[in-house]
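Listed here are the chains, written in short residue letters.
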Amino acid sequence: MNKTEAKQALMDTMEKFLALASRRLPDDVYEKLTELRDKETSPMQKVIYDAYFQNLEEAEKLKRPSCQDTGQLHYYIKAGTAFPHLDIVEESLQEATKRATMSVPLRQNTINYFEEKNTGDNTGERIPWINWDIVSGGDELEIIVYFAGGGCCLPGKAQVFKPSDGYGAIVKYVFEAVADLGINACPPLIVGVGLGQNVENAALLSKKAYLRPLGTHHPHPKGARLEKELLEGLNALGIGAQGMRGENVAMAVHIESSGRHPATLAVGVNMACYAHRRGVIRFQKDMSYEILTYRGAQL
Amino acid sequence: MKKIITTPIGIADIANLRIGDIFYLSGYLVTGRDDVHHRIVHEGLVSPYDFKDMALLHAGPIVKEGAKENVMISIGPTSSIRMEADEAAFIEKTGVRIIIGKGGMGEKTAEACKKFGAIHCVFPGGCAVTAASQVEKIETVYWRELGMPESLWVMKVKEFGPLIVSIDTAGNNMFVENKRYYAARKEEVMKPILQNVKGHMNIEQEETDK
Ligand code: SF4
């Protein structure tokens, strides 16, 4: 397969994949929402969940994006060093984004700073946002696409604490973010917590945290326990779906961490709304692909 | 049984609704968000649509515009709190009865609702396709020069909802009450977690004596 063919294949597949990911929730999220729906008892919460599920059904039927805010396109890529077409990935994703904006259609959501004008096609300065992770020796290309809506990006924050503030600072910071700001981000949320050395690696890890599949845990037992305690604690606030009082404000709390400097303790919090449009697709060398987030899906 | 309110809306239709009540709206529903509020409240323009006894939706829709008719593709509520600064004046000037959006609104709006007989309701966020399918027809559009999301889209709707009352005609404000409730619970809920992470700064001991 030559360059032109590979580019064509990636563009075509991704344009179709974006349409699918804009309307369908990943299987793990759909199942979790189904589980939480059963736990809610108040009539108001039931009505909200009914609306969520009815909307997803109609989106599927009419082949339209489930939420009007299709956000900005983020691509988190795991690229094997032996994947032969690395050089066409970026331009293909740019092009697929433009085309999907028109064909799906997606809302036009990109404004360049200082120009302050909508670019009209969801591409712009460093947008779509592309994050590369290199897998040494691998020959596959895995792409996570995420539709980052305005409402759920708004509560995100990151801060660096002193070690003397202790892990307690992390706990308080997460609670503040969710209880004060997260209630408007269409709960139940997936709360991503990044623990790092400084502000940018904590922030990046908070993003990677919420992109993790549901049901996965932090590798350190204390990290995994903190995830569980934060989840139970946040849910005990009684915030519920749409911030209107219920059993569950969050589907999960995920923590990702890196080593820290002896003098710092950095934390980032990032929230994903219930419309967690995260699609994962994996390409082989010959550009054949496997869809990981939607069982039985065909493009 | 579904409670349905039909436009035009008299004070009697909403006077007994209280925060947390759920209903559906039939009749006319008109969009208006940041720019519409700005024009009417700050620039002194008269609304081309008479909101008296009618319903306002905070939303910027996606409309497929055609020569013959306009079709609603997607219409989800936007955060109402953005309109907080101007909503009280908007209610006073226009006589609007029902305001629909996402999330809550503040004290100023709650006061105006009490004084002029209006309510604010929440349509569940992110349910844009359902909302669009409850739009029977787009009758007309005003102020189209403001751009698609900011224009006044006049829609005929059928059982638009669920609408959950967040501010009622007595001035009760669900979101303000809730925020107070969550804040009050926070300290107590955090306590055991804070206790459990207390020792986390200690250096982990290697398990050598196993
Ligand atoms: S927070 Fe999510 S579900 Fe809610 S309106 Fe924004 S993108 Fe849609």
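What counts as what
Residues numbered from 1 in each chain as written. Chains lettered and ligands numbered in written order. Predicted model: local features only at pLDDT ≥ 70, side-chain atom pairs only at ≥ 80, totals over all residues. Heavy atoms only, no water. Helix = DSSP H or I, 4+ residues; strand = E, 2+ residues; numbered from the N terminus. Rg over C-alpha atoms; globule rule 2.2 N^0.38 Å. Buried < 20%, exposed > 50% of the residue type's maximum accessible area, 1.4 Å probe, protein only. Contact = heavy atoms within 4.5 Å. Areas by Shrake-Rupley, 256 points an atom, 1.4 Å probe, with all protein chains shown as cover. Lys, Arg positive; Asp, Glu negative; His and termini not counted. Charge placed at Lys NZ, Arg CZ, Asp CG, Glu CD. Near = heavy atom within 4 Å. Nonpolar A, V, L, I, M, F, W, Y, C, P; charged D, E, K, R; others polar. Buried area = accessible area lost by both parts, 1.4 Å probe. Salt bridge = Lys/Arg side-chain N within 4 Å of Asp/Glu carboxyl O. Polar contact = N/O pair within 3.5 Å; in protein donor to acceptor, adjacent residues only side chain to side chain. Pairing = 2+ DSSP bridges. Axes fitted to C-alpha atoms, helices over the stretch in contact; angles between N-to-C directions. Domains from an automatic or database assignment. 1 Å grid on protein atoms, 1.4 Å probe; cavity = no way out; pocket = protein on both sides within 12 Å on 5 of 7 lines; lining within 4 Å. Points joined across faces, edges and corners; volume = space filled by probe spheres on them. Expected span 1.5 Å × (residues − 1).

Draft legend 1. Up close: the overall build of chain B. Along its length, chain B carries 6 helices and 9 strands. Its C-alpha atoms give chain B a radius of gyration of 22 Å, clearly above 17 Å, the size a compact globule of 210 residues would have. The dimensions of chain B, computed from C-alpha atoms along their principal axes, are 80 × 40 × 40 Å. Out of the 210 residues belonging to chain B, those deemed buried represent 54%. In chain B, 67% of the contacts between residues at least 6 apart in sequence involve partners at least 24 apart. Just so you have it, chain B exposes about 9,500 Å², and 50% of that area is on carbon and sulfur atoms.

Draft legend 2. Examining the overall build of chain A more closely. Within chain A one finds 8 helices and 9 strands. For 299 residues, the compact-globule formula gives about 19 Å, and the C-alpha radius of gyration of chain A, at 19 Å, lands near that figure. With the C-alpha coordinates aligned to their principal axes, the bounding extent of chain A is approximately 55 × 50 × 40 Å. Buried positions account for 56% of the 299 residues belonging to chain A. Taking the contacts inside chain A whose residues are at least 6 apart along the sequence as the reference set, 79% of them involve residues at least 24 apart. Roughly 12,400 Å² of accessible area belongs to chain A as shown, and the carbon and sulfur atoms make up 52% of that amount. Of the charged side chains in chain A, 34 are positive and 37 negative; the average position of the first set lies 2 Å away from that of the second.

Draft legend 3. Seen up close, the site of the ligand. Of all residues adjacent to the ligand, which total 13 residues, the nearest are Cys67(A), Cys186(A), Cys273(A), Arg277(A) and Lys102(B). Residues close to the ligand are split across chains A and B. In the shell around the ligand, the residues fall into 7 nonpolar, 3 polar and 3 charged.

Draft legend 4. Region of interest: the interface of chain B and chain A. Residue-level contacts link 41 residues of chain B with 48 residues of chain A. Across the chain B/chain A interface, buried area totals approximately 4,000 Å², and carbon plus sulfur atoms make up 66% of it. The largest per-residue losses of area from chain B upon contact with chain A belong to Val129(B), Tyr182(B) and Met201(B), which jointly make up 17% of the total buried on that side. Put simply, chain B and chain A have 2 salt bridges between them. Put simply, Lys186(B) and Asp180(A) hold a salt bridge, and the shortest N to O gap is 3.9 Å. Put simply, chain B and chain A have 17 residue pairs in polar contact (both at pLDDT 80 or more) between them. Take the side of chain B that touches chain A: its biggest share by element is 15 residues, from helix 6 (residues 174-197) of chain B.

Draft legend 5. Molecular detail of the sheet that holds strand 3 (residues 141-148) of chain A. Residue and element names in this part refer to chain A. Strand order in the open sheet formed by 5 strands is 2-1-3-8-9, and the pairing between neighbours is mixed. The sheet is open, and its two borders are formed by strand 2 (129-135) and strand 9 (289-291), each paired with just one other strand. With direction set aside, neighbouring strand axes in the sheet form an average angle of 20°. Strand direction decides the pairing type here: strand 8 (residues 278-283) and strand 9, joined by 3 bridges, are antiparallel. Paired with Arg282 across the strands is Glu290, a residue of strand 9. Across the sheet, helix 7 (residues 199-211) lies against strand 1 (72-80), strand 2, strand 3 and strand 8, angled at about 85° from strand 1, the strand it touches most.

Draft legend 6. Layout of the domain arrangement of chain B. Residues and elements named next belong to chain B. What the domain assignment reports for chain B is domain 1 (4-172) and domain 2 (174-210). Spacing between the C-alpha centres of domain 1 and domain 2 amounts to 41 Å. Of the residues lining the interface, 11 residues belong to domain 1; the matching set on domain 2 comes to 5 residues. Our count for the contact surface shared by domain 1 and domain 2 stands at 0 salt bridges. Summed over the shared surface of domain 1 and domain 2, the result is 1 residue pair in polar contact (both at pLDDT 80 or more).

Draft legend 7. Examining the layout of surface pockets more closely. Of the volumes computed, that of the second largest pocket is approximately 510 Å³. Forming the walls of the second largest pocket are 21 residues, and the residues nearest its centre are Tyr167(A), Leu195(A), Ser257(A), Arg260(A) and His200(B). If you list the elements that add at least two residues to the lining of the second largest pocket, you get helix 6 (166-181), strand 5 (189-196), helix 8 (221-236), strand 6 (250-257) and strand 7 (265-272) of chain A. The greatest single-element share of the lining of the second largest pocket, amounting to 3 residues, is contributed by helix 8 of chain A. For the lining of the second largest pocket, the class distribution of residues is 9 nonpolar, 9 polar and 3 charged.

Draft legend 8. Structural detail: helix 2 (residues 27-39) of chain A. Residues and elements named next belong to chain A. Between its first and last C-alpha, helix 2 extends 19 Å over 13 residues, near the 18 Å set by a 1.5 Å rise per residue. If you check which residues of helix 2 are buried, you get Asp27, Asp28, Val29, Leu33 and Leu36. Tucked inside the fold, the buried residues of helix 2 contact helix 3 (43-62), strand 5, strand 6 and strand 8.

Draft legend 9. Summary view of the sheet that holds strand 5 of chain A. Residues and elements named next belong to chain A. Spatially, 4 strands are ordered 4-7-5-6 in an open sheet, and the strand pairing comes out mixed. In this open sheet, the two strands that pair with only one neighbour each are strand 4 (157-161) and strand 6. Direction aside, the axes of adjacent strands within the sheet are offset by 15° on average. Summarising the sheet, strand 5 and strand 7 pair through 7 bridges and their orientation is antiparallel. Residue pairing in the sheet places Val191 in a bridge with Met271 of strand 7. Sheet strands touched by helix 2: strand 5 and strand 6. Its angle to strand 6, the strand with the most contacts, is close to 135°. In this fold helix 8 packs onto strand 5 and strand 6, with an angle of close to 150° to the strand it touches most, strand 6.

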